[in-house]
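Spelled out from the first residue to the last, the chains are:
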Amino acid sequence: MDESADDSRGTMAQALQAATGFITDLLNSMQDGFVLLDEHGRFARTNPAFCRMVDLTEAELIGQTVPFSFWPPEEHANITAAFQMMLDGKKATFDLIFMRRNGERFPALIGPSEVRDAAGNITGYVTTVKDITERKRAERYEQFRSHTLELLAGGRPLQTILDAIVRGMEALNPTAICSILLLDDTGRHFRPGAGPSLPGFYTEALYALEIAAGAGSCGTAAVTGKRVVVSDIAHHPDWAPYADLAGRAGLAACWSQPILSSAGQVLGTFAIYHARPHAPTDADIAVIEQTAHLASIAIERTQAEQAMRALNETLEQRVAQRTAELQEREVWLREAQRVAGLGNWRWNAVTDAIWWSDELFRIYDRQPGGKPPTYEEDQQNYTPESAARLTAIAQQCLKTGEPYEIELELSLEATPRRWVRARGEVLRNAAGDIIGLQGTSQDITVQKQAELKILSLNASLEQRIRERTADLETINQLLVEAKQHAALAESATLAKSDFLANMSHEIRTPMNSVIGMAYLVLGTSLDRQQRDYVEKIHLSGQHLLALIDNILDFSKIESGKLLLEHIDFSLETVIRTLVSLSADNAAERGLRLQAEIAPDVPPQLRGDPLRLNQILLNFLNNAIKFSRDGVIVVRVSLAEERADDCLLRFEVQDQGIGMTAEQQAKIFQPFQQADSSTTRKYGGTGLGLTISRQLVQMMGGEVGLTSVPGEGSTFRFTARFGKAVAAGGPGRDAPPVGNDYNRLLGARVLLVEDNLINQQVAEALLRRMGVKVLIAADGLEALALLEQHRVDVVLMDLQMPVMDGQETARRMRASPAMRHIPIIVFSANAWADVREQCFAAGMNDFVSKPVKPTLLYETLVRWLRTGQARPAVLPEAVPVAVIPEMAAGPVQSGADGLFDPALLAELFDGDMAKAEQLAALFFSDTRAGVDEMSLALARDDRQTLRQLAHKFKSSSRSMGAAEVADLLVEVERLSGDGGVEAILPLLERLRVLLGRR
């Protein structure tokens, strides 16, 4: 019995132990807290979950009595009331505030109940304790979210909403500081959003920050569009540059969420800061995302409202503008109808509704705004004949749909006779069916009255015409006679101009011979008296030639045959040449010349430099002629500048005898000078200033004069020039011009020229100055010579066989050994585009054929860079200082009459035997060339024809055979697409000229 009882007790103990273990495991595994009180309300037992909640151990809790240590003092009343209800056996759940060991409060939900024994006696109390912090936070956040959405729905300003979001989040998280930053228009900086709890210096630093990856949490989030969580600012690399700033602001952690638009565009950032290092929970992350979304809604709504306001304003402006335009057009239409006497109308046959415009009422003598007349009433407005015609044509329009136009006579009481022009067309509905008529009526009474008046006048005019016809026949006879007299006068004028031109050319022919021969004689051995005689002959010839040139220019201007050139030129060169040509003459009279060019004057111009020089030289020669001492100043200034051209002002000021006002009034008239005594004392034809004035007018300018007797005169004129196409022009980057011909002696020049005659001419000119000459017939041969010999300058023709001049220049510039050698183009082709091509190929300057010796020498001196000393004195046989420039134009000489003897004499330094020898070679080569051209024309080989014409044109100009050269220029021009009938006469003329020998 006892053993059986012991066994039973042992079994019960094991079962109790097992049950106790199960209960312990159950309590330990619970997520919520568990509290067991005894029947007196003392703490009897708990589980680990509750201990973690209050941060107390079970040992510290067991035995505690009311009030328990985890009850906050401010909550004693609420918790005591709930505890009493539990003791009273009332079942309920309670939301209470508990306190952890460190004093931190948290909300908890408890549901207490009694524990009774088998007899029903209360043995204790038990309850679960659930931490509802997250639930309370969610409830508060939902309230905050609802409040924010109410603000949005109420249309509150964006700033109000952003402030409410930040303050609401800070209220939900008392230990946190929140901020919203917005992106500016550039997307590179932040602008203020909301952040009232952040220090001012910290927000200012944020606004100055340039957004980039690694620029703190907010900067990185704005760039990447992704959330950036930094739990410890002091040790995070993105915050390294800003750690001190954050420390001063009391910030230790920052969680930044990008605020994204519905399209995924970054609008700004929402950030939560903590004073201590702190990592977010999943719930924190969810709250951050939702808050950023709220901010996005507010920002996008504001943007949409702003866009809508702007659109509404634009639409309102457009509507207002359109309304004003329509009102204005309506006013214009009414006014136009009033002025034109034009009214419009509409008749709906379906509804029998009639509408008239105000002007139509006035046309029919009715008050505007009244009721339009019916059809029957409207018929009374016309004469019976017009009414019938209108009815018929209106019915026809309704039947066929064709518009009509008709003139009708009105029958109105107020006006005896009125007329209108009526136009009409059908009126259609939306389906296209004819439902009536519409049209216009225009008052044409004035026009009809004018027609009637014209008809009445026609009769009288016809009579007058018959009367005048007889008078006109007499006048016509007089006009015929007047035209005959005018034709005779014009013929006489042309005959006079032709006579002057022919006589000038005929006189120039022997005069050039006289000047040329005098120059040749001056090159021989003469005694003093002989030289004096010959120099006077030479000087008088030049003076007479200048007078003839003036007469020829005057005749050309009168007959309208003088044309200006349009080429690029250097103004400085023109002025320098002008002063140089006049320097000796001025020095002989004890005068000093001075040139002044304003700095704003364009250096490169496009126009006629020869005629400009002629005008200036005329003014300057007059100044020298009429001055005894002092300074003569040539000034150039800018009067006006436009995009493509400029107007320059030129002045020549002297300190000479001056003129009276009466003398100034007639000084520019033909064949006039100041007075007859001036003519006798100083000479001259009186044409120079007249020609200058006419040339100035052709250049788009005006002449003027200021003079004081005994003090001097200032002649001035303006002229318009284009701006040079090429900025640099010939000789770009060239060294200054000088006349130190000493540098030519011993210089080494490579002449690249395929024409034998041109070779001999150029070689003669160069050797007379002591230049050492190498000759190559084409570019390939020139490159070979340059590899073997050192030269100072290359004179380069353009069109040559094997290799032309431009290709040769390009290869020289590509060679380190040759790229420094100056290249001077030596060609008859002087067009501006050809010059530009030459400069682009690497050439430096340009000398045109036929060559002028002094120009060739000056150009060579400009580019020589030999580096060796030159003799100080030139050979006696080379009178460089007195080499003159011969008169331009072809000159006949002797029986041959083909060459310019002065040019030949200058080219060969008076060696006429050598000139004759070269002339014979010229004739032989050129005749053969003309024959080759004829054969090329016969087989239609235009390329060969053009090449031959160009080749012999060059040698003809070098020899001074101007007429031959001009014919070859025309052959070259026509070789492209000219007809055979146009070229054959030119070749025949060449044969005639070349057959003179």
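Data block above holds the structure.
Note that this is a predicted model, so its numbers are computed, not measured. By convention here, each chain's residues receive numbers from 1 onward along its written sequence. It should be noted that, the model being predicted, local features are given only for residues of pLDDT at least 70 and side-chain atom pairs only at 80 or more, the latter also being counted only at that level, while totals for whole chains, interfaces and linings use all residues. Hydrogens and water are ignored here; the side-chain numbers use all heavy atoms of the structure.

**Student:** Tell me about the sheet that holds strand β14 (residues 404-410), residues and numbers included.
**Tutor:** At least two bridges found by DSSP between two strands is the condition for calling them paired. Runs of E in the DSSP output that reach at least two residues are strands. Runs of H or I that reach at least four are helices, and both are numbered from the N terminus. In spatial order, the strands read β13-β12-β16-β15-β14; together these five strands make up an open sheet with antiparallel pairing. Two strands close off the open sheet at either side, each with one partner strand: β13 (353-356) and β14. Each strand axis lies, on average, 20° off the axis of its neighbour in the sheet, ignoring direction. In terms of strand pairing, strand β12 (residues 342-348) meets β13 through four bridges, oriented antiparallel. Bridge pairing links R346 to W355 in β13. The contact criterion used is simple: two residues touch if any of their non-hydrogen atoms lie within 4.5 Å. Axis definition: a line fitted to C-alpha atoms, over the contacting stretch in the case of helices. Angles run 0 to 180 degrees between N-to-C directions. Helix α13 (residues 384-400) rests against β12, β14, β15 (418-428) and β16 (434-443) of the sheet, and its axis sits at about 160° to β14.

**Student:** Now, about the environment of P373: what can you tell me, with residues and values included?
**Tutor:** With respect to the helices and strands, P373 occurs in the loop between α11 (358-363) and α12 (375-379). Sequence separation of P373 and W355 is 18 residues, and the distance between their C-alpha atoms is 9.3 Å. When residues no more than four places from it in sequence are discounted, the contact partners of P373 are I354, W356, R366 and D378.

**Student:** Could you give me a rundown of the nonpolar core, with the residues and numbers involved?
**Tutor:** Each nonpolar core is a collection of buried residues, namely Ala, Val, Leu, Ile, Met, Phe, Trp, Tyr and Cys, held together in the definition by side-chain atoms within 4.5 Å. Exposure classes here rest on a 1.4 Å probe applied to the protein chains alone. A residue is buried below 20% of its type maximum, exposed above 50%, and partly exposed in between. In terms of nonpolar packing, the biggest core is built from 51 residues, with L744, F922 and M933 touching the most fellow members. For this core, the element with the most residues is helix α27 (residues 912-938), which contributes eight residues. As used throughout, domain bounds are those supplied by an automatic or database domain assignment. Two domains each donate at least three residues to this core, and these are domain 5 (741-864) and domain 6 (901-994). With 39 residues, the next largest nonpolar core counts A623, I624, V634 and L689 among its residues.

**Student:** Just give me the short version of the pattern of salt bridges, but keep the residues and values in it.
**Tutor:** Pairing is possible between side chains of opposite charge, provided their charged atoms come close. Within this document, salt bridges are pairs made up of a side-chain nitrogen of Lys or Arg and a carboxyl oxygen of Asp or Glu, the two lying within 4 Å of each other. Under the criterion given, the structure shown has 41 salt bridges. Across the pair D95 and R135 runs a salt bridge, and its minimum N-O distance is 3.8 Å. With D95 in strand β3 (residues 94-99) and R135 in helix α5 (residues 133-153), the pair connects residues that are 40 residues apart, well separated along the chain. A residue is classified by how much of its surface remains accessible, and D95, at 45% relative accessible area, is partly exposed. Where R748 meets D792, a salt bridge forms, and the shortest distance between an N and an O atom there is 3.5 Å. One end of the pair, R748, is in strand β24 (residues 748-752); the other, D792, is in the loop between α22 (779-788) and β26 (793-796), and 44 residues separate them in sequence. As far as burial versus exposure is concerned, R748 and D792 are alike and both buried. Here the residues in one salt-bridge network are E405, E407, R421, R423 and K448, joined through shared partners.

**Student:** Can you lay out the sheet that holds strand β10 (residues 253-260) for me, pointing to particular residues and giving the numbers?
**Tutor:** Taken in spatial order, the five strands make up an open sheet running β8-β7-β11-β10-β9, and their pairing is antiparallel. Strand pairing shows two members of the sheet lacking a second neighbour, β8 (190-194) and β9 (228-230), which therefore form its edges. Going across the sheet, the axis of each strand differs from the next one's by a mean of 25°, ignoring polarity. Relative to β10, β9 runs antiparallel, the two sharing three bridges. Pairing of V228 across the sheet is with S256, part of β10. Each of β7 (176-183), β8 and β11 (266-274) touches helix α6 (residues 158-172); the most contacted strand, β7, lies at about 155° to it. Sitting on the sheet, helix α7 (residues 200-208) is in contact with β7, β8 and β11, with an inclination near 140° to β8.

**Student:** Give a description of the packing of α22 against helix α23 (residues 805-814) that names residues and reports values.
**Tutor:** Put simply, α22 and α23 touch, their axes get as near as 9 Å, and they point 25° apart. Accordingly, the angle class assigned to the pair α22 and α23 is roughly parallel. Handedness of the crossing formed by α22 with α23: right-handed. Counting all contacts with α22, which are made through G779, L783 and L786, the residues of α23 involved are T808, R811 and M812. Only Asp, Glu, Lys and Arg are considered charged, only Ala, Val, Leu, Ile, Met, Phe, Trp, Tyr, Cys and Pro nonpolar, and every remaining residue, Gly among them, polar. Across the contact of α22 with α23, the residue classes tally to three nonpolar, two polar and one charged. Working definition: roughly parallel below 35 degrees, roughly antiparallel above 145 degrees, roughly perpendicular at 65 to 115 degrees, and oblique for all remaining angles. Here a crossing is called left-handed whenever its near helix is offset anticlockwise from the far helix by less than a right angle, and right-handed whenever the offset is clockwise.

**Student:** A description of unusual backbone geometry should follow, citing residues and the corresponding values.
**Tutor:** A negative phi holds for most residues other than glycine; trans holds for most peptide bonds. Although it is not a glycine, D352 adopts a positive phi angle of roughly 60°. Note on placement: D352 falls in the loop between β12 and β13. In this structure, V802 is a non-glycine residue whose phi angle is positive, near 70°. Along the polypeptide, V802 turns up in the loop between β26 and α23.

**Student:** If you had to explain the packing of aromatic side chains to someone new, which residues and values would you point to?
**Tutor:** Stacked, tilted and edge-to-face are the three classes assigned to paired rings of Phe, Tyr and Trp, where Trp is represented by its six-membered ring and a pair needs centres within 6.5 Å; plane angles under 30 degrees give stacked, over 60 edge-to-face, the rest tilted. In this structure the tally under the stated criterion is 19 aromatic pairs. A ring pair is formed by F43 and F70, whose centres lie 6.1 Å apart and whose planes are at 80°; its orientation type is edge-to-face. Of this pair, F43 sits in strand β2 (residues 43-46) while F70 sits in the loop between α3 (58-61) and α4 (76-87); the two residues are 27 residues apart in sequence, bridging distant segments of the chain. Summarising the burial analysis for this pair, F43 and F70 share the class buried. Among the aromatic residues, those joined into a cluster by ring pairs are F43, F50, F68, F70, W71, F98 and F106.

**Student:** With reference to specific residues and values, describe helix α21 (residues 756-767).
**Tutor:** Multiplying one less than the number of residues by 1.5 Å gives the expected span of a helix. Its 12 residues place the ends of α21 16 Å apart at the C-alpha level, agreeing with the 16 Å of an ideal helix rising 1.5 Å per residue. Among the residues of α21, I757, N758, Q759, V761, A762, A764, L765 and L766 are the ones counted as buried. Any N or O atom pair separated by 3.5 Å or less is treated as a polar contact, with the protein-specific requirement of one donor-capable and one acceptor-capable atom, and with residues adjacent in sequence counted only for side-chain atom pairs. For α21, the capping residue at the N-terminal end is N755, with a side-chain oxygen 3.0 Å from the backbone nitrogen of N758.

**Student:** Outline the environment of T859, listing residues and values.
**Tutor:** On the secondary structure map, T859 appears in helix α25 (residues 853-863). Using a relative accessible area of 1% as the deciding quantity, one classes T859 as buried.

**Student:** Before we move on, can you summarise the pairing of β26 with the specific residues and values?
**Tutor:** Judged by which residues are buried, β26 turns out to be covered on both faces: V793 and L795 on one side and V794 and M796 on the other are all buried. Taken together, the three bridges between β26 and strand β27 (residues 823-827) define a ladder with parallel strand orientation. When the sheet's bridge partners are listed, M796 is paired in β27 with V825. Handedness of the β-α-β unit built from β26, α23 and β27 comes out right-handed. Looking down the strands as they point away from the viewer, one classifies a crossover as right-handed if the path from the first strand across the helix to the second runs clockwise.

The analysis is restricted to geometry; functional conclusions fall outside its scope.
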